[in-house]
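Each chain, written out:
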Amino acid sequence: GVYVVDVTNHAAPVQLQYVTYPNAQYCHQAWPSPDMQYLYVDDELDDQNLGINSVTRVMSLANPMAPVYTGTFSNGGTTTDHNQYTKGNLIYQANYRSGLRVKSTSNPGTPTAPVETAYFDTWPEDNTNQFNGLWNIYPYFRFQGYSITPVDRPWKIVTLENRYIRVLVAPEIGGKVLGAYEKS
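Let me begin by describing the structure that accompanies this report. On a predicted model such as this, the values are computed, not experimentally measured, just so you know. (Residues numbered from 1 in each chain as written. Predicted model: local features only at pLDDT ≥ 70, side-chain atom pairs only at ≥ 80, totals over all residues. Heavy atoms only, no water.)

1. Details of the nonpolar core
So the rule is basically this: The definition of a nonpolar core used throughout is a set of buried Ala, Val, Leu, Ile, Met, Phe, Trp, Tyr and Cys residues joined through side-chain atoms within 4.5 Å. Here the term buried applies to any residue with accessible area under 20% of the maximum for its type, exposed to any over 50%, and partly exposed to those in between, with areas from a 1.4 Å probe on protein chains only. Note on contacts: a residue pair is in contact if any heavy atoms of the two residues lie within 4.5 Å.
With 14 residues, the main nonpolar core has Y92, L100, V102, I137, L160, I165 and V167 as its most contacted residues. In this view, V102 contacts L90, I91, Y92, V115, E116, T117, A118, I165 and V167; residues no more than four positions away in its chain are not counted.

2. Some details on empty space enclosed by the protein
The criterion, for reference: A cavity here means a set of 1 Å grid points, computed over protein atoms only, where a 1.4 Å probe fits but cannot escape. A pocket is an open set with protein on both sides within 12 Å along at least 5 of 7 lines, and lining residues have an atom within 4 Å of a point. Grid points are joined across faces, edges and corners, and a volume is the space filled by probe spheres set on the points. Three classes are used: nonpolar for Ala, Val, Leu, Ile, Met, Phe, Trp, Tyr, Cys and Pro, charged for Asp, Glu, Lys and Arg, and polar for all others, with Gly counted as polar.
Under the definition given, this model contains one cavity of 30 Å³ or more. Quantified by volume, the largest cavity comes out at close to 50 Å³. In terms of lining residues, the largest cavity is bounded by N89, L90, S104, S106, N107, P108, T117, Y164, I165, E182 and S184. For the lining of the largest cavity, the class distribution of residues is four nonpolar, six polar and one charged.

3. Looking at the layout of surface pockets
Volume-wise, the largest pocket comes out at about 200 Å³. Taken together, V2, V4, A30, M36, L39, L61, P64 and P67 make up the lining of the largest pocket.

4. So, the sheet that holds strand β8 (residues 90–95)
Heads up, the rule is: Here the rule is simple: two strands pair whenever DSSP picks up at least two bridges between them. Helix and strand assignments follow DSSP, with helices taken as H or I runs no shorter than four residues and strands as E runs no shorter than two, numbered in order from the N terminus. Axis definition: a line fit to C-alpha positions, over the contact stretch in the case of helices; interaxial angles, taken between N-to-C directions, run 0 to 180 degrees.
Sheet architecture is open: four strands sit in the order β7-β8-β9-β10, paired in antiparallel fashion. Each having just a single partner strand, β7 (84–87) and β10 (115–120) make up the two edges of the open sheet. Averaged over all pairs of adjacent strands, the angle between their axes in this sheet comes to 20°, without regard to strand direction. Both β8 and strand β9 (residues 99–104) contribute to a ladder of six bridges, which runs antiparallel. Residue pairing across strands places I91 opposite K103, the latter belonging to β9.

5. Thoughts on the side chain of T56
Note the cut-off: Side-chain atoms alone can form a polar contact between residues adjacent in sequence; in general such a contact is a pair of N or O atoms within 3.5 Å, and within protein one must be able to donate a hydrogen while the other accepts it.
Note on placement: T56 falls in strand β5 (residues 55–60). Looking at T56, its side chain comes within polar contact range of the side chain of Q93, at 2.9 Å. The residues contacting T56, other than those within four sequence positions of it, are Y40, V41, D42, G71, T72, F73, Q84 and Q93.

See below:
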């Protein structure tokens, strides 16, 4: 399940709420929508323990002191869902052996029923339910710092594009999202 914790006093966090969901096994990671109205939850062990593959739970945060489980969505795959983050109206998901999934929460899609708009398979050998492949996809990097020694080398950039979105990914540096552009 999900714990709601008040960390106003960092030295003495206070648990405010505990919310569970059907078939909870191991709530591995959760991330809020940019407007803080929804929480997207990954359960890393429901895949292997219960055969519930690539399912994301959605909780309403309309009242943050009392989150409400509202349902699920899935990419329909057979791999383990891992980490996901939101940026704008997009959800970036790392799904181990099935790779990067990008979902839109608007036009098309909704916050509780997002539509997959981009996909990149980072483990083309198979889509089995294992703990290797794409572990994370973090779309918030903005500044890498300075170096006094320049590195002159070509970098591979993967462009994922469809009629809704264009995403630039650097697979050699952990699948870092260099940019995402909504086309609507």
